[in-house]
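So the chains spell out like this:
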Amino acid sequence: MSPISRLSLATVLASSLAQLAQADVVADPTFNIDGIVIVWSADAAGNAPVAVDFIIADGAPDGTDIIAGDAFTVVTGSLVSTANNASSGAFPFTVTGTPGGDFNTDTDGDGTLDGADAFSAFALDADVGFANATPQTSFYVASNTAFNISAEITDVDLGPAFPGFSAAVLNAVSLVMEVAPVGAERTDGGFSYGASAQPPHSGGEQAGFATPLTLPTLLAPTTVFTGNQRTAATPGSIADQSVRFDLSYPITGGTVAGYDLSLGLLNFGVTVEYTVFVP
């Protein structure tokens, strides 16, 4: 083969390599993680802890919940579902002013006063009474963004009650919300959470809440919490990055701070629906 031929071959090869070198490979990764709020508590069957709402702030008003079905709160400090517990007994009291000290009648910790509770005889004096006649329930939230909470009464069950009972008794019941202390790991019902969490409001655990409201206020949707930061403070699991919202319904009888025997029998219930959303 002549040198010219060899040169020609080399030229063709170089031309082919040049064409290969000009091939384009484009990588254009896009990272878009929307606002996420995860609510966990108990499902309709009473299982807990269960993630019951998974809200994505995808541009839709208030975001989209991609988990269908109803959720229920748990009795504060436990994982006992109110789906199973709500009608199984009366709410407990704290007996105050006894010479031996105050004690709670809910000795088995299930959030109700019933035949499963038992306590020792207690001494009486002129100041012994009831306090903290307050049903208390909770749910948990983990988020990578700020969120708000609204509340609305969706059902009122005015059952048998003392003579003269009417819907006006709802005015004697308030809603008080708060976030349980944040900054260290907590344990409810043997389940740990909160080790990597911060309050959902920069003002602290008690910031962002509406003033105490009587239940009739909630006959229309009412914003009861406005947050301004995510609950996730440091890397961790969903449970680690969760805070607990506590819902208390204190009953006041006139000038009495709590239940008094003069109120007679109380047997009524309300269903309050809480909606967690990304503004």
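These numbers were taken from a predicted model, which means no experiment stands behind them.

J.: Quick question: what am I supposed to make of the pairing of strand β2 (residues 50-57) here?
T.: Consecutive side chains of a regular strand alternate in pointing toward one face of the sheet and then the other. In terms of strand pairing, strand β1 (residues 35-43) meets β2 through seven bridges, oriented antiparallel. Paired with G35 across the strands is A57, a residue of β2. A loop of six residues connects β1 with β2, the two strands running antiparallel in sequence, and G46 in this loop sits at a positive phi of about 90 degrees.

J.: Explain the side chain of D106 to me, please; I cannot follow it from the model alone.
T.: Following the sequence through the fold, D106 ends up in the loop between β7 (103-104) and β8 (129-131). Here D106 sits buried without a salt bridge, and the closest side chain of opposite charge, R244, lies 13 Å off (N-O distance). Leave out the neighbours within four places in its chain, and D106 touches P92, G111, T112 and D117.

J.: How do you make sense of the packing of aromatic side chains when you look at a structure like this?
T.: The geometry of two aromatic rings is summed up by the distance between their centres and the angle between their planes. Per the counting criterion, the structure on display carries 14 aromatic pairs. Considering the side-chain rings of W40 and Y140, the 4.0 Å spacing of their centres and the 10 degrees angle between planes classify their relative orientation as stacked. Taken as a pair, W40 in strand β1 and Y140 in strand β9 (residues 136-143) lie far apart in primary sequence, 100 residues in all. Exposure class is identical for W40 and Y140. Each is buried. Centroid distance F225 to F245: 5.3 Å. Interplanar angle 75 degrees. Geometry classified as edge-to-face. Of the two residues, F225 sits in strand β15 (residues 222-226) while F245 sits in strand β16 (residues 242-248), which places them 20 residues apart along the sequence.

J.: What exactly am I supposed to notice about the nonpolar core here?
T.: Proteins that are soluble and globular tend to have nonpolar side chains buried together. Counting 31 residues, the largest nonpolar core has F139, I149, M177, L218, F245 and Y274 as its most contacted members. For this core, the elements supplying multiple residues, two or more each, are β1, β2, β9, β10 (148-158), β11 (174-179), β15, β16 and β17 (268-277). With sequence-adjacent residues up to four places away left out, Y274 is seen in contact with F139, I149, S150, A151, L175, M177, L247 and Y249.

J.: Explain the sheet that holds strand β6 (residues 94-96) here, please?
T.: Pairing between the strands of a sheet is mediated by backbone hydrogen bonds and can be parallel or antiparallel. One open sheet accounts for three strands, arranged β7-β6-β8; its pairing is antiparallel. One side of each edge strand has no neighbouring strand; the edge strands of this open sheet are β7 and β8. In terms of strand pairing, β6 meets β7 through two bridges, oriented antiparallel. In the sheet register, T94 faces β7, and the bridge partner there is N104.

J.: Looking at this structure, I do not really get the environment of T94. What am I missing?
T.: Along the chain, T94 falls in strand β6. T94 sits in the buried class, given a relative accessible area of 11%. Once the C-alpha coordinates of T94 and A131 are considered, the two residues, 37 residues apart in sequence, prove to be 5.1 Å apart. Here the side chain of T94 touches N104 through a polar contact of 3.5 Å, side chain to side chain.

J.: Explain the environment of L113 here, please?
T.: Mapped onto the fold, L113 is located in the loop between β7 and β8. What makes L113 partly exposed here is its relative accessible area of 26%. Remark: the alpha-carbon pair of L113 and P92, spanning 21 residues in sequence, is separated by 4.8 Å.

J.: Hey, could you run me through unusual backbone geometry in this one?
T.: Phi is mostly negative for residues that are not glycine, and the peptide bonds are mostly trans. That bond from A48 to P49 is cis: its omega, 0 degrees, falls within 30 degrees of zero. Along the chain, P49 turns up in the loop between β1 and β2.

J.: I'm lost on the confidence of the model for the protein in this one. Help?
T.: Interpreting fine coordinate detail is not advised for predicted regions of low pLDDT. Mean pLDDT for the protein: 81, with 81% of residues reaching 70 or above. Every residue in residues 1-14 is under pLDDT 50, and counting partners more than four places away or in other chains gives one contact.

J.: Quick question: what am I supposed to make of the pattern of salt bridges here?
T.: Note that side chains of opposite charge can pair when their charged atoms are close. Tallied over the full model, the rule gives two salt bridges. Note that D188 and R244 form a salt bridge whose closest N and O atoms lie 2.9 Å from each other. Of this pair, D188 sits in strand β12 (residues 186-188) while R244 is found in strand β16, placing the two residues 56 residues apart along the sequence. Residues D188 and R244 agree in their burial class; the two are buried. Close ionic contact of R244 with D246 constitutes a salt bridge, the shortest N to O distance being 2.6 Å. You can call D246 buried: its relative accessible area is 7%. Taken together, the shared-partner salt bridges in this structure form one network comprising D188, R244 and D246.

J.: Would you mind going over a nonpolar patch on the surface with me for this structure?
T.: On the surface, F119, F122 and L124 cluster together into a nonpolar patch covering about 320 Å² of accessible area. Residue position: F119 is located in the loop between β7 and β8. A residue is classified by how much of its surface remains accessible, and F119, at 41% relative accessible area, is partly exposed.

Rules behind the numbers
- Per chain, residues are indexed from 1 in the order of the written sequence.
- Predicted model: local features are reported for residues with pLDDT of at least 70 only, side-chain atom pairs are reported and counted for 80 or more only, and whole-chain, interface and lining totals are derived from all residues.
- Each side-chain value is worked out from all heavy atoms of the structure, with water and hydrogens disregarded.
- By definition, two strands form a pair when at least two bridges between them are found by DSSP.
- Numbering of helices and strands runs from the N terminus, with a helix taken as a DSSP run of H or I at least four residues long and a strand as a DSSP run of E at least two residues long.
- Working definition: with a 1.4 Å probe on protein chains only, accessible area under 20% of the residue-type maximum means buried, over 50% means exposed, and in between means partly exposed.
- We count Lys and Arg on the positive side and Asp and Glu on the negative side, and we leave His and both chain ends out.
- Counted as salt bridges are all cases of a side-chain nitrogen of Lys or Arg within 4 Å of a carboxyl oxygen of Asp or Glu.
- Contact between two residues is taken to exist if any of their heavy atoms lie within 4.5 Å; hydrogens are not considered.
- Side-chain rings of Phe, Tyr and Trp, where Trp is taken by its six-membered ring, are said to pair if the distance between their centres is within 6.5 Å; with planes under 30 degrees apart they count as stacked, over 60 as edge-to-face, and otherwise as tilted.
- Nonpolar cores were defined as sets of buried Ala, Val, Leu, Ile, Met, Phe, Trp, Tyr and Cys residues, with membership established by side-chain atoms within 4.5 Å.
- Pairing of N or O atoms within 3.5 Å defines a polar contact, subject to two protein rules: one partner must be a possible hydrogen donor and the other a possible acceptor, and residues neighboring in sequence count only if both atoms are side-chain atoms.
- For every residue, the predictor states its confidence as a pLDDT score lying anywhere from 0 to 100.
- Residues enter patches when their relative accessible area tops 30% and they take part in no salt bridge; the joining distance is 9 Å for like charges and 5 Å for the nonpolar side chains Val, Leu, Ile, Met, Phe, Trp and Tyr.
- To measure how exposed things are, a 1.4 Å probe is used in the Shrake-Rupley method; for residues, cover is taken only from the protein chains shown.

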